[in-house]
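Coordinate analysis (summary)
Residue-level listing of the chains:
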Amino acid sequence: MTLVHRVLFPSPITSLDEYLERGGGVGLETARDHDAEWIVAEVAASGLRGRGGAGFPTGIKWRSVLEYASPDLATTVIVNGAEGEPGTFKDRTILKRSPYQVIEGALIAAHVVDANEVIFGLKKSFGHVVSHLQSAIDEVVAAGWADGLSMRIFQGPNEYLYGEETALLETMEGRYPFPRVSPPYRRGEVEVVEHDIDATSRSGLSAHVEMADVAGETGAPPALVDNVETMANVARIIARGAAWFRTEGTDRSPGTIVCTITGNVVHEGVGEVIMGTTLRAAIDAIGGGARPGRAIKAILVGVSSAVLTADQLDTPLTYEDMAAAGTGLGSAGYIVIDDSVDMTAVAAGVSRFLAVESCGQCTPCKVDGLSLSDLLEKFCASNASHEDYERLLRLIDTVGDRARCSLATQHQVVIGSIVAKFGSELSAHVAHVDAAVAPPVAPMLIAELEAISGDEAVWDERHRQKQPDWTYSERWSGKVPAELFGDHRHQLTLPE
């Protein structure tokens, strides 16, 4: 199978002039010749869906932001590049190959919603990508593309929840990345003025933000938040038309998708495939397939959706086919697990990552999540009992109770799917009177990708030392992040 290059150019574009030579800029010119309604209709007709994981139709999102626009306060366009899903490296790769198409897409979005500012939300740890994007922004501004529009990069923390769009907005307002109830199209990014917040009120806290309409008490306009890859598609859709975009992919999932393939493959990497390509074909084309002498056992869809088994490798990479397979397309980051790996170790690694990264606003998510993680480590040590197995099942049922964001549900779904499909591997670590117990295994490291160097992925090894309070102290404080950092007067301090 041949990889394609609609979004992910085969070699880096090193300057705005080179981007223009390759046809860049036409989308922005076309957009400025049309009104918002025409552009939104074209985006909607293209069938583009968010490539950040949720897959929400982009045209519907843009129309919702327009409907909730404030007559007095400007809407902000935010490009979410806070890529932290384990096994995903697509957005940083796109920004390294050609940041110009992402910027152009964001400028088109700003034209649609009449924004006065575009903010690119990245992580401070993405140093090289941040500087590369800043250079491209400087070129675009110097060329007059911004037309008085402010563009800046916000550098956030390493926490997983920073990528959740409401938590991203919280962080931009100076607080910690705790998800809030109100979605961006109802309440967007707004500068926080300390003296405007009553010290006796908790209305400024992420956990207590109310749903706000145009005249809402928060006084905040909506924000348009879209993922890097989503924005990278916009310019060509407007330049070439919705019908052109639909020449690749399927009717319900048109276009292409940029995949990251890591784990037990010949070579780890990032590549772009046509929607509808099978997962197996993507693994073969990007990762070279299974390692010699090994067979693929399972696929982790980051830590966002149910695990896939070997007999599901021929599932097409579309929103509808992945849903029919009982999982999701996610951010197209696929961690390949072969037959040398005990799935008990995988479950323990996933559970620890999600339990640590939970903010603690929702008690079952953090408390039951940590209990799940501790139990699975007990299984890894081959020291589990039948009672532990029953408790494991009960915790899977309760960890997602009353959750305000998807993290707790992810914990429930991913661990539940591993237990459902590979329960015998976990059961083998339960002490039996008349049967041998499987040897202990070390929990698999599940963490953010720091780089893909050559053919090998570089994982955030430091996550092994991260405590449930998001510190790297020798011991856990016993507090959850929402307790430790929840005071709205405690402004965000980035790690060095």
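For the structure itself, consult the block above.
This report concerns the structure included in the present document. Since the model is a prediction, treat every value here as computed from it, not as a measurement. (Residues numbered from 1 in each chain as written. Predicted model: local features only at pLDDT ≥ 70, side-chain atom pairs only at ≥ 80, totals over all residues. Heavy atoms only, no water.)

**Quick word on the pairing of strand β1 (residues 76-80)**
In terms of burial, β1 is largely enclosed, as 5 of its 5 residues are buried. Burial along β1 is two-sided: the face carrying Thr-76, Ile-78 and Asn-80 and the face carrying Val-77 and Val-79 are both buried. The pairing of β1 with strand β2 (residues 117-123) spans 5 bridges and is parallel. When the sheet's bridge partners are listed, Val-77 is paired in β2 with Val-118. In terms of strand pairing, β1 meets strand β4 (residues 223-227) through 5 bridges, oriented parallel. Note that in β4 the partner of Thr-76 across the bridge is Ala-223. (Buried < 20%, exposed > 50% of the residue type's maximum accessible area, 1.4 Å probe, protein only. Helix = DSSP H or I, 4+ residues; strand = E, 2+ residues; numbered from the N terminus. Pairing = 2+ DSSP bridges.)

**What about the sheet that holds β4?**
Read across the open sheet, the 4 strands follow the order β3-β2-β1-β4; overall the sheet is parallel. Every other strand in the sheet has two partners, leaving β3 (150-156) and β4 as the edge strands with one partner each. Between one strand and the next, the sheet's axes are offset by a mean angle of 20°, whatever the strand orientation. Sheet analysis places β2 next to β3, joined by 7 bridges and oriented parallel. If you follow Leu-122 over to β3, its bridge partner there is Gln-155. (Axes fitted to C-alpha atoms, helices over the stretch in contact; angles between N-to-C directions.)

**Regarding the packing of helix α14 (residues 363-380) against helix α16 (residues 407-427)**
Relative to each other, α14 and α16 sit at 25°, their axes nearing to 11 Å. Put simply, α14 runs roughly parallel to α16. Crossing geometry of α14 relative to α16 is assigned as left-handed. Along the contact surface, α14 presents Cys-365, Gly-369, Leu-372, Leu-376 and Phe-379, while α16 presents Leu-407, Ala-408, His-411, Ile-415 and Leu-426. Of the residues contributing to the contact of α14 with α16, the split by class is 8 nonpolar, 2 polar and no charged. (Parallel < 35°, antiparallel > 145°, perpendicular 65-115°, else oblique. Left-handed = near helix turned anticlockwise from the far one by under 90°. Contact = heavy atoms within 4.5 Å. Nonpolar A, V, L, I, M, F, W, Y, C, P; charged D, E, K, R; others polar.)

**Let's talk about helix α9 (residues 228-240)**
The element α9 is extensively covered by neighbouring structure, given that 10 of its 13 residues are classed as buried. Its side-chain oxygen placed 2.8 Å from the backbone nitrogen of Glu-229, Asn-227 serves as the N-cap of α9. In the segment just after α9, Gly-241 is the residue with positive phi, at about 100°. (Polar contact = N/O pair within 3.5 Å; in protein donor to acceptor, adjacent residues only side chain to side chain.)

**Re the environment of Ala-431**
As for its placement among the helices and strands, Ala-431 is situated in the loop between α16 and β10 (449-453). For Ala-431, a relative accessible area of 44% corresponds to the partly exposed category. Here the alpha-carbon distance between Ala-431 and Asn-383, two residues 48 residues apart in the chain, equals 6.5 Å. Apart from residues no more than four positions distant in its own chain, Ala-431 is found in contact with Ala-384, His-386 and Val-437.

**A few points about the sheet that holds strand β5 (residues 256-263)**
Sheet architecture is open: 5 strands sit in the order β6-β5-β9-β7-β8, paired in mixed fashion. Here the strands that pair on one side only, and so sit at the sheet edges, are β6 (269-274) and β8 (308-309). In the sheet, β5 pairs with strand β9 (residues 333-338) via 4 bridges, with the strands oriented parallel. Paired with Ile-261 across the strands is Tyr-334, a residue of β9. In the packing of α16 onto the sheet, contacts are made with β7 (296-301) and β8, and the angle to β7 comes to roughly 165°.

**Quick look at the pairing of β6**
Each regular strand displays side chains that alternate between the two surfaces of the sheet. Within β6, 5 of the 6 residues are buried, leaving the element largely enclosed by the surrounding structure. Alignment of β5 against β6, held across 6 bridges, turns out to be antiparallel. Following the sheet pairing, Thr-260 is matched in β6 by Val-270. The antiparallel pairing of β5 with β6 creates a hairpin that spans 5 residues between the two strands.

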